Amino acid sequence: MPSDTFQGWVAHDATSPLTFTTFTPKPFADTDIEIDITHCGICGTDLHTLRSGWAPTDYPCVVGHEIIGTVRRVGSAVATQSSSPASQHIQPGDRVGIGAQSASCLRPDCSACADGLENYCPRITATYNSRYRDGSKSKAHGGYATRWRGPAHFVFRIPAALPSAEAAPLLCGGVTVYAPLRKYGAGPGKSVGVVGVGGLGHMGILFAKALGSERVVAISRSSSKRGDAVEGLGADGFIATGEEKDWARRYSRTLDVIICTVDAADMPLSQYLRLLKVDGTFVQVGAPEKPLPGLPAWSLIQKSVKVTGSSIGSPGEIREMLQLAAEKRVLPWIQKRGMDEVNAALGDMHAGKARYRYVLENREDVQARL
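Residues numbered from 1 in each chain as written. Predicted model: local features only at pLDDT ≥ 70, side-chain atom pairs only at ≥ 80, totals over all residues. Heavy atoms only, no water.

## A few points about the pattern of salt bridges
So, point 1. Scanning all chains against the criterion turns up 24 salt bridges.
So, point 2. Between Glu-66 and Arg-357 there is a salt bridge whose closest N-O contact spans 2.6 Å. With Glu-66 in the loop between α1 (44–50) and β4 (67–74) and Arg-357 in strand β19 (residues 357–361), the pair connects residues that are 291 residues apart, well separated along the chain.
So, point 3. Given a relative accessible area of 0%, Glu-66 falls into the buried group.
So, point 4. What makes Arg-357 buried here is its relative accessible area of 2%.
So, point 5. The partner of Arg-337 in a salt bridge is Asp-348, with the nearest N and O atoms 3.1 Å apart. A residue pair is termed long-range when its members are at least 10 positions apart, and Arg-337 in strand β18 (residues 334–338) and Asp-348 in helix α11 (residues 342–350) qualify at eleven residues. For the residue pair Arg-337 and Asp-348, the accessibility class agrees, reading buried in each case.
So, point 6. Bridged by salt links that share partners, the residues Glu-34, Asp-36, Arg-72, Arg-73, Arg-147 and Arg-149 form one connected network. (Salt bridge = Lys/Arg side-chain N within 4 Å of Asp/Glu carboxyl O. Helix = DSSP H or I, 4+ residues; strand = E, 2+ residues; numbered from the N terminus. Buried < 20%, exposed > 50% of the residue type's maximum accessible area, 1.4 Å probe, protein only.)

## Considering the domain arrangement of the protein
When the parts of a complex come together, some accessible area is lost, and that lost area is often used as the size of the interface.
So, point 1. Taken domain by domain, the protein comprises domain 1 (6–172 + 313–368) and domain 2 (173–309).
So, point 2. In this complex, domain 1 contributes 24 residues to the contact, which on the side of domain 2 involves 25 residues.
So, point 3. When the two sides are added together, the surface that domain 1 and domain 2 hide from each other amounts to roughly 2,000 Å², 63% of it contributed by carbon and sulfur.
So, point 4. Summed over the shared surface of domain 1 and domain 2, the result is two salt bridges.
So, point 5. Measuring nitrogen to oxygen at the nearest pair gives 3.0 Å for the salt bridge that ties Arg-51 to Glu-289.
So, point 6. Remark: the boundary between domain 1 and domain 2 carries 15 residue pairs in polar contact (both at pLDDT 80 or more).
So, point 7. Broken down by element, the residue count for the side of domain 1 that touches domain 2 peaks at seven residues, all from helix α10 (residues 315–328). (Domains from an automatic or database assignment. Contact = heavy atoms within 4.5 Å. Buried area = accessible area lost by both parts, 1.4 Å probe. Polar contact = N/O pair within 3.5 Å; in protein donor to acceptor, adjacent residues only side chain to side chain.)

## Regarding the state of the cysteines
Structurally, a disulfide amounts to a covalent bond that connects the sulfur atoms of two cysteines.
So, point 1. Inspection of every chain in the model, using the stated rule, returns zero disulfides.
So, point 2. Here Cys-121 is not cross-linked by a disulfide; its sulfur's nearest cysteine counterpart is in Cys-105, at 3.6 Å.
So, point 3. Given the relative accessible area of 4%, Cys-121 is considered buried. (Disulfide = S-S within 2.5 Å.)

Dropping the structure here:
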């Protein structure tokens, strides 16, 4: 097989199963790193992209942006990139991870990149279903594959205390909830609500607790996940919005921050805002394919609440999150699946069967037969 051809599970359209075949990665640059993939988490973004849910997907496409692997090749300029702490001292054989972003412009005149907020760069390249702006215009392909190649600036060393399978979901799902929790003050003396007890939400509960929040409340439509949230994940309270009468009035003005992980366009948004204290913040991180529900102006005016959003996390936030996860043993609840089971795992993910994150593994015995 030519050295510039990789193998992976490729989507060719919005309805057909993924097929294991070859694809062409970006040309190797002296600022790149190449890895052998061992694990890749399945994220909700993968499902939206595979079915062209948000916008038409650039097929053929290899999804997956919660990638863990072992470095096999390091570009000649990587060790000298003093502006990129994430890429310093990475050597062949190191265990590393890649999240939802694989490039940004990194120009000094870009306010986002200059401020260490590369995830908000207007010239962002996502880890898949995106194009590199380096002149090659090559496609970015993700982690449902045997290898990955991309810029070292967005590659992260994995702390020894984090097992690879559990570390994978942290690289997108984990930082997606960690970044807004950190930014909007989750910690001692604060009460935090997490809407949705799923792939993102369960990590939101874990990180809110790890940050030392005084009270963490899980919010879900039914009480079916109460035991997981309270007894398993450590939530201090639980609100079942579909079962508790007058829940918005009953729990009014009890929360400082709400992280909303659900992507349901019919969510009771104005009722969620009733739960906030004065100057409270509601952060939307789930991304529905349809617009959010309308919002009465008084929902904002009467308590000076803020409604905002948050997109993944910067390289600095990812490194900080990984360190906290290692120190506090923040380990997502995962179920391991073989990479060759990807189509079945995607079906189970779509059906809501994950508790609470599937992680694909490249098993050597299986790869030898493919």
